[in-house]
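# Results of the structural survey
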Amino acid sequence: MLNQSAAAPIESKPADWKPTIVAVVCNWCTYAGADRAGTTRLTYPASVRMMRVPCTGRMSPLFVLRAFEQGADGVLLSGCHPGDCHYVQGNLFARRRFTAYRALLDFIGLDPRRFHVSWVSAAEGGKWQSVVKEVTAAVTDAGPLTDWGKTNGHAPVEIPAPPAPPRKPVAADEAAAISKHLRELAATLLQDKGVSMVLGYRPGGLPGQMVPAFVTRPEDAALLGWSERCHTNLAVYLAGAQHVTGKIAVVVKQCDARSVAGLLQETKIKREDVTLIGVSCAGVEVNDQLALKCYACDGDAAAICDYTVTADGVKPGAAASGAKRAVAADPRDAQIEYLEKLPQPERWAFWQEQFNACIRCYGCRAVCPSCYCDSCITEKSQPQWIPASIDGPGNTSWNFIRAYHQAGRCAGCDECARVCPSRLRLDLLNRRVAMEMEQRFHYHAGERIDGAPPLAAFQPDDPQEFIY
């Protein structure tokens, strides 16, 4: 559930200060309801600036971010009641999106008095009057928004360190055995099974380094290897591999296989075009420590795999490794819980300090299998939704919108956090959104290859306790 911590103290403000509130409203219901309020001479505060869109389903989180970025003190989204949408289902899809970015706004520490959602029909001029009064009172109580992209003066927040890892990384002899079987399987697939390329890992130029390998000849399969340094999620190469003739075999850890399932679900690749080689993974190391994502993972190959490679050999399908991997609670969950218990201003200061350190290298985008758009939102200039400058407001918008785009899609490989040169805790943002999808919609990314992701679907009884 969303954090209900105390809001920020009322900021000092001029006696004549009045809030600026952007209201993004549906053309067919709320806008007509506001018009009815006017024609029936109902009075309400003149603090709302309306932006009319065809449907609630057209409302993007980018509208909210840009409003705050450009000086709004509060934002109101409003449209037709569920079941009354002029386009039948637009508001039902929008309701789920509101859920995701409300959770994100709360998690990064935005004062909850600044963001509101309501249903107002064309006949409810009186309700529009009361909604505007209530929203204006809440935003007035919150005061001017002067710290968008700033740390608001609070001292840096330290989150608890994770507990000791539940298990040790793979032993050298086990890694050598897995590497041997991987090479043999790759050579066989390239020679006899109609596979034109094997994506795997090979030793890099630095001691212990493992880098992606693209093997197309059976004799080159000898390059392949395996160790606890096989970090890269190789699924990132699949969405752009349409030019490759023939089937591609890819080596996947359990978390990587979830990314492949997501690409299959979103029809970026076809199941008949890929062969999945699951590896019995004891966990990967990051900075000589077991990666946080590996604490709760048993290391067995995912059910989607065509082959499983263990130290004992190659098995068809998703066979269990036979080795009992010690697992523990995901330490990111405890860190998220700690942040959500902080007062809202401190949580805001933590994330603004994180975002201000971003250098906009877009390494997070480059390593993510889900970031496959031909043209990223950051590259659009007409209109320019994400400022190109490396500053607090632009960085906040970029990191927020990327986390939102991962809702129901992030497989938890944590590659974005690993490659970030500024060490931003992007994994916590992604994990928090994933928890929201699990708690509200019982959806776990990467568990299925059919159906629709949670934000591309809806249920008539989806929760909406935060909507007026």
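Residues numbered from 1 in each chain as written. Predicted model: local features only at pLDDT ≥ 70, side-chain atom pairs only at ≥ 80, totals over all residues. Heavy atoms only, no water.

### Regarding the overall build of the chain
Defined as follows: In this text, helices come from DSSP runs of H or I with a minimum length of four residues, and strands from runs of E with a minimum of two, each type numbered from the N-terminal end. Buried residues are those whose accessible area, probed at 1.4 Å on protein chains only, stays under 20% of the maximum for their type, while exposed residues exceed 50% and partly exposed ones sit between those limits. Pairs of residues are marked as contacts when any of their non-hydrogen atoms sit within 4.5 Å. Surface accessibility in these figures is a Shrake-Rupley result with a 1.4 Å probe; residues are shielded only by whichever protein chains are displayed. The charge count includes Lys and Arg as positive and Asp and Glu as negative, but it does not include His or the ends of the chains. Where a charge sits is defined by one atom per residue type, namely NZ (Lys), CZ (Arg), CG (Asp) or CD (Glu).
A count of helices and strands for the chain gives twelve helices and twelve strands. Its C-alpha atoms put the chain at 80 × 50 × 40 Å along the principal axes. Among the 468 residues that make up the chain, the fraction classed as buried is 56%. Within the chain, contacts between residues separated by at least 24 positions form 80% of all contacts whose residues are at least 6 apart in sequence. Carbon and sulfur atoms form 53% of the exposed surface of the chain, whose accessible area is close to 20000 Å². Averaging the positions of the 50 positive and the 49 negative side-chain charges in the chain gives two centres separated by 3 Å.

### A short note on the side chain of Asp 414
Residue position: Asp 414 is located in the loop between α10 (392-405) and α11 (415-419). The exposure class of Asp 414 is buried, given its relative accessible area of 12%. Apart from residues no more than four positions distant in its own chain, Asp 414 is found in contact with Lys 293, Arg 332 and Asp 427.

### Some remarks on the nonpolar core
Here is the rule: Remark: nonpolar core denotes a set of buried residues (Ala, Val, Leu, Ile, Met, Phe, Trp, Tyr, Cys) joined through side-chain atoms within 4.5 Å.
Formed by 61 residues in total, the largest nonpolar core has its most connected members in Leu 77, Phe 98, Trp 351 and Leu 429. Ignoring any residue separated from it by four or fewer positions in sequence, one finds Leu 77 in contact with Val 24, Met 59, Val 64, Phe 98, Tyr 101, Phe 115, His 116, Val 117 and Ser 118. Core analysis: the next-biggest nonpolar cluster, separate from the first, contains 52 residues, Ala 213, Ala 221, Val 260 and Ala 301 among them.

### Considering the pairing of strand β3 (residues 74-79)
Here is the rule: When DSSP finds two or more bridges between two strands, those strands count as paired.
Taking burial as the measure, the six residues of β3 include six buried ones, the bulk of the element. Here β3 shows a buried face lined by Gly 74, Leu 76 and Ser 78 and a second buried face lined by Val 75, Leu 77 and Gly 79. Judged from the five bridges that link them, strand β1 (residues 21-26) and β3 form a sheet pairing that is parallel. Counterpart to Ala 23 in the pairing with β3 is Leu 76. Of the pairings in the sheet, the one linking β3 to strand β4 (residues 115-119) comprises five bridges and is parallel in character.

### Observations concerning the pattern of salt bridges
To be explicit about the condition: The term salt bridge refers to a side-chain nitrogen of Lys or Arg lying within 4 Å of a carboxyl oxygen of Asp or Glu.
As enumerated under the stated definition, the model contains 27 salt bridges in all. The partner of Lys 180 in a salt bridge is Glu 184, with the nearest N and O atoms 2.8 Å apart. Here Glu 184 and Lys 180 lie together in helix α5 (residues 172-192), a separation of four residues that amounts to about one turn. Assessed through its relative accessible area of 39%, Glu 184 is described here as partly exposed. The closest approach of N and O atoms between Arg 229 and Glu 285, which form a salt bridge, is 3.2 Å. Of the two residues, Arg 229 sits in the loop between β6 (210-215) and β7 (247-252) while Glu 285 sits in strand β9 (residues 285-286), which places them 56 residues apart along the sequence. With a relative accessible area of 13%, Glu 285 lands in the buried category.

### With respect to the sheet that holds strand β12 (residues 313-316)
Short version of the rule: Whenever a helix is involved, its axis is fitted only over the stretch in contact; in every case the axis is a line through C-alpha atoms, and angles between N-to-C directions fall within 0 to 180 degrees.
Read from one edge of the open sheet, six strands run β6-β5-β7-β8-β11-β12, paired in mixed fashion. The strands lining the two open edges of the sheet, one partner per strand, are β6 and β12. Within the sheet, the average angular offset between the axes of one strand and its neighbour, ignoring direction, is 25°. Bridge analysis of strand β8 (residues 274-279) against strand β11 (residues 307-310) gives three bridges, and the strand direction is parallel. In the sheet register, Val 279 faces β11, and the bridge partner there is Val 309. Here α5 sits on the sheet in contact with β5 (195-203), β6, β7, β8, β11 and β12, set at roughly 150° to β11. The strands that helix α6 (residues 254-265) touches are β5, β7 and β8; relative to β7, the one it contacts most, it runs at about 140°.

### Description of unusual backbone geometry
With the exception of glycine, the majority of residues adopt a negative phi angle, and the majority of peptide bonds are in the trans configuration. Residue Pro 383 is reached from Gln 382 by a cis peptide bond, and omega for that bond is 0°. Positive phi values are uncommon outside glycine, yet Asn 287 reaches one of about 55°. Since its relative accessible area comes to 60%, Asn 287 is described here as exposed.

### What to know about the environment of Glu 438
Structurally, the position occupied by Glu 438 is in helix α12 (residues 426-441). When the C-alpha atoms of Glu 438 and Ala 301 are compared, they prove to be 22 Å apart, with 137 residues separating the residues in sequence. Contact partners of Glu 438, with chain neighbours within four places excluded, come to Arg 431, Tyr 443 and His 444.

### Section: the packing of helix α3 (residues 90-107) against α12
Counted only if it meets this: Put simply, angles under 35 degrees are roughly parallel, angles over 145 are roughly antiparallel, angles from 65 to 115 are roughly perpendicular, and the rest are oblique. It is the rotation of the near helix from the far one that decides the hand of a crossing: anticlockwise by less than a right angle makes it left-handed, clockwise makes it right-handed.
The geometry of α3 relative to α12 is characterised by a closest axis approach of 10 Å and an angle of 135° between their N-to-C directions. In terms of axis orientation, α3 runs oblique to α12. Where α3 crosses over α12, the handedness of that crossing is right-handed. Counting all contacts with α3, which are made through Arg 96, Thr 99, Ala 100, Ala 103, Leu 104 and Phe 107, the residues of α12 involved are Leu 428, Leu 429, Arg 432, Val 433, Glu 436, Met 437, Arg 440 and Phe 441.

### Notes on the state of the cysteines
To keep it simple, the criterion reads: Disulfides are defined in this document as cysteine sulfur pairs within 2.5 Å.
Here the structure, examined in full by the defined rule, presents zero disulfides. Cys 55 takes part in no disulfide bond, and the closest cysteine sulfur, belonging to Cys 85, lies 3.8 Å away. Among the cysteines around Cys 420, which has no disulfide bond, Cys 361 carries the closest sulfur, lying 6.2 Å off.

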